[in-house]
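# Working through the structure, step by step
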Amino acid sequence: FPLVAQAMAPVSSPASGDLSGVQNLIATQMALLQSCIIPAAGEYFVAAGVKFTSFELVHGFLLAIVQFGHEFSIELIGLANALLPPNDTASPLAEAQLAILAQYLPDEGVVWVQGQLTPNSYILSPDCHLTGGFALASWFGGAHQGQFVVSIGGYHPQFVVPNYYPVPAPVGFNWQVTSDLSVKGNGYFAL
């Protein structure tokens, strides 16, 4: 989502007095917003974001969006990044970057929270990629009322996953140590 991406890595402003640079920046930003926000009569939204640092370890940005008009919903989207050891940008042992989506959809009767590690996540070496995601969903209305699911990395291979359940990517790692040696592993937890 462009607003989250820009909060994490802000666009540089044009030089003072550069009118064509300002016009180009505005046109670029409007094109980005129009690619993800589609105007519709009778639909409205309000958004507010916060950039944060937690325990001097996790740096992130969360954007809350309230949509109303024909339907009501509350969404939270964001990106969090952690380096280990903190503030060691030259040679960190690990980096984890997590994209987050949370939704409250009262008309559908569901609360949905999902997170996914981005390709920027690794441990010990930038070649040892971390993968995976988590999901939590709870249905308080509709045809699936009373059901819930919590999953970190997916489900047992023999479990027939209902088509309305979230399907997070398996939690694991993939390390190409040398051209002849590759180490992989993954796991899951589901309730």
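See the structure shown above.
This write-up is about the structure you can find in this document. The shown structure was predicted, so the numbers you read here are calculated from the model rather than taken from an experiment.

### Some remarks on the overall build of the chain
Within the chain, the secondary structure is distributed over 2 helices and 12 strands. Along the chain direction, N to C, the helices and strands of the chain fall in the order α-α-β-β-β-β-β-β-β-β-β-β-β-β. Counting across all 191 residues of the chain, residues that qualify as buried make up 26%. As presented, the chain carries roughly 12000 Å² of accessible surface, and 64% of it is formed by carbon and sulfur atoms.

### Focus on the packing of aromatic side chains
The final tally for this structure, using the stated rule, is 8 aromatic pairs. Summarising the aromatic geometry, the rings of W139 and Y165 are spaced 5.6 Å apart at their centres and angled 20° between planes, so their arrangement reads as stacked. Of this pair, W139 sits in strand β8 (residues 133-139) while Y165 sits in the loop between β9 (148-152) and β10 (171-176), and the two are 26 residues apart along the sequence. By the burial criterion, W139 is buried, and Y165 matches it. On the basis of an interplanar angle of 40° and a centroid distance of 6.3 Å, the ring pair of Y155 and Y165 is categorised as tilted. Taken together, the residues span a long stretch of sequence, with Y155 in the loop between β9 and β10 and Y165 in the loop between β9 and β10 at a distance of 10 residues.

### What about the nonpolar core?
The tendency in soluble globular proteins is for nonpolar side chains to be buried side by side. Formed by L105, V110, W112, A137, W139, V149, Y155 and Y165, the largest nonpolar core amounts to 8 residues. If sequence neighbours within four positions are ignored, L105 has contacts with S73, V110 and F140.

### Section: unusual backbone geometry
Residue P85 follows L84 across a cis peptide bond; omega there is -10°. If you trace the backbone, P85 turns up in the loop between β3 (73-84) and β4 (94-105). Unusually for a residue other than glycine, E56 sits at a positive phi of about 55°. Relative to the helices and strands, E56 is located in the loop between β1 (44-54) and β2 (58-68). One non-glycine residue, L124, adopts positive backbone phi at about 70°. Of note, L124 is situated in the loop between β6 (122-123) and β7 (125-131). A relative accessible area of 58% places L124 in the exposed class.

### A short note on the pairing of β7
In terms of strand pairing, β6 meets β7 through 2 bridges, oriented antiparallel. Opposite Y122, over in β7, you have H129 as the bridge partner. Counted along the chain from β6 to the antiparallel partner β7, the turn is 1 residue long, and its residue L124 has a positive phi close to 70°. Note that β7 and β10 share 4 bridges and pair antiparallel. Within β10, the residue paired with C128 across the bridge is W175.

### Some points on the environment of I38
Structurally, the position occupied by I38 is in the loop between α2 (19-36) and β1. What makes I38 exposed here is its relative accessible area of 70%. Sequence spacing of I38 and S182 is 144 residues, and the spatial spacing of their C-alpha atoms is 44 Å.

### A closer look at the pairing of β10
Remark: a regular strand shows side chains that alternate across the two faces of the sheet. The pairing of β10 with strand β11 (residues 182-187) spans 6 bridges and is antiparallel. Bridged to G172 within β11 is N186. In sequence, β10 turns back onto β11 through a hairpin of 5 residues.

### As for the side chain of S73
Note on placement: S73 falls in strand β3. For S73, a relative accessible area of 7% corresponds to the buried category. Apart from residues no more than four positions distant in its own chain, S73 is found in contact with I65, V66, Q67, Y104, L105 and P106.

Cut-off values and rules
- Residues numbered from 1 in each chain as written.
- Predicted model: local features only at pLDDT ≥ 70, side-chain atom pairs only at ≥ 80, totals over all residues.
- Heavy atoms only, no water.
- Helix = DSSP H or I, 4+ residues; strand = E, 2+ residues; numbered from the N terminus.
- Buried < 20%, exposed > 50% of the residue type's maximum accessible area, 1.4 Å probe, protein only.
- Areas by Shrake-Rupley, 256 points an atom, 1.4 Å probe, with all protein chains shown as cover.
- Phe/Tyr/Trp six-rings, centres within 6.5 Å; stacked < 30°, edge-to-face > 60°.
- Core = buried A, V, L, I, M, F, W, Y, C linked by side-chain atoms within 4.5 Å.
- Contact = heavy atoms within 4.5 Å.
- Pairing = 2+ DSSP bridges.

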